[in-house]
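Spelled out, the chains give:
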Amino acid sequence: SQQGEEDPQALSIQEGENATMNCSYKTSINNLQWYRQNSGRGLVHLILIRSNEREKHSGRLRVTLDTSKKSSSLLITASRAADTASYFCATVTYNNNDMRFGAGTRLTVKP
Amino acid sequence: DAGITQSPRYKITETGRQVTLMCHQTWSHSYMFWYRQDLGHGLRLIYYSAAADITDKGEVPDGYVVSRSKTENFPLTLESATRSQTSVYFCASSESPGGLETQYFGPGTRLLVL
């Protein structure tokens, strides 16, 4: 069963704008990861944030984690057309080491 | 070249036929995984392996068989394909179990069962 659920399901913005995607989950986690998938390709890891961390940055990406609300957000700043992809959150619980993926957010960045 | 590869990239088969999807990684990662991706479901874990000759079921193992005689290979077999197994299949590898660290994904195999 899905653990993480992304919101919104689809997002369309103009190049240069910021994009925010949210992920909510149901049970306590060990860590939460964000992946990107370009059309027809495999998933590429973006950021892993552990349960004792609140924020992480990687280039134009900023991930926050609020364990009290069981939610995470991925912010992409100054978006580019190349950021067009699907973005997935994946959660890992303490008792099961396997990752559970959400259904993803489809981001379209218009040039 | 280095990385994780899958073959074939596309496969069309008929109901009842046996199909084997191949996965090969060059990093010598201990852990390997098979996922299927269906619209609206994200990725779901089929099977995983912690090392050669050690495999275990994931969330949706029914109808699938795996083996791992060598660390670098992790084939997935559909013993008698059904239409519900039409999907995109991704193989992944990692240095750590489950999601404790980054998983590295192959490009996927698109399987159509007629």
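Here the structure is shown first, and the text comes after it.
To keep things clear, this report deals only with the structure shown in the data block. Quantities reported herein were computed from a predicted structural model and do not represent experimental measurements. (Residues numbered from 1 in each chain as written. Chains lettered and ligands numbered in written order. Predicted model: local features only at pLDDT ≥ 70, side-chain atom pairs only at ≥ 80, totals over all residues. Heavy atoms only, no water.)

## Things to note about the interface of chain B and chain A
Stated precisely, the cut-off is as follows: Should any heavy atoms of two residues lie within 4.5 Å, those residues are counted as being in contact. When two parts are put together, the accessible area they lose, computed with a 1.4 Å probe and summed over both, is reported as buried area. Here a salt bridge means any side-chain nitrogen of Lys or Arg lying within 4 Å of a carboxyl oxygen belonging to Asp or Glu. Pairs of N or O atoms are called polar contacts if they sit within 3.5 Å, as long as, within protein, a hydrogen donor faces a hydrogen acceptor (for residues adjacent in sequence, only side-chain-to-side-chain pairs). Numbered from the N terminus, helices here are DSSP runs of H or I no shorter than four residues, and strands are runs of E no shorter than two. When residues are sorted by character, Ala, Val, Leu, Ile, Met, Phe, Trp, Tyr, Cys and Pro go into the nonpolar class, Asp, Glu, Lys and Arg into the charged class, and all the rest, Gly among them, into the polar class.
Taken residue by residue, the interface counts 21 residues in chain B and 23 residues in chain A. Taken over both partners, the interface formed by chain B and chain A buries close to 1600 Å², and the fraction arising from carbon and sulfur atoms is 52%. Taken together, the connections running from chain B to chain A amount to 2 salt bridges. Where B:Glu101 meets A:Arg50, a salt bridge forms, and the shortest distance between an N and an O atom there is 3.0 Å. Applying the counting rule to chain B against chain A returns 4 residue pairs in polar contact (both at pLDDT 80 or more). Sorting the residues of the side of chain B that touches chain A by element identifies strand 4 (31-38) and strand 5 (42-51) of chain B as the ones contributing at least two each. The element best represented in the side of chain B that touches chain A is strand 5 of chain B, accounting for 3 residues. Grouping the amino acids of the side of chain B that touches chain A by side-chain chemistry returns 8 nonpolar, 9 polar and 4 charged.

## A word on the state of the cysteines
Test applied: Disulfides are defined as pairs of cysteine sulfur atoms found within 2.5 Å of each other.
Taken as a whole and judged by the stated rule, the model has 2 disulfides over all chains. Here A:Cys23 pairs with A:Cys89 through a disulfide, and the sulfurs are 2.0 Å apart. Across the S-S bond of A:Cys23 and A:Cys89 the torsion is about 65°, and the bridge reads as right-handed. Remark: A:Cys89 occurs in strand 9 (residues 85-92) and A:Cys23 occurs in strand 3 (residues 19-24); sequence separation between them is 66 residues. With a sulfur-sulfur separation of 1.8 Å, B:Cys23 is cross-linked through a disulfide to B:Cys91. Judged by the torsion about the S-S bond (-75°), the B:Cys23/B:Cys91 disulfide is left-handed. One end of the pair, B:Cys23, is in strand 3 (residues 19-25); the other, B:Cys91, is in strand 9 (residues 87-94), and 68 residues separate them in sequence.

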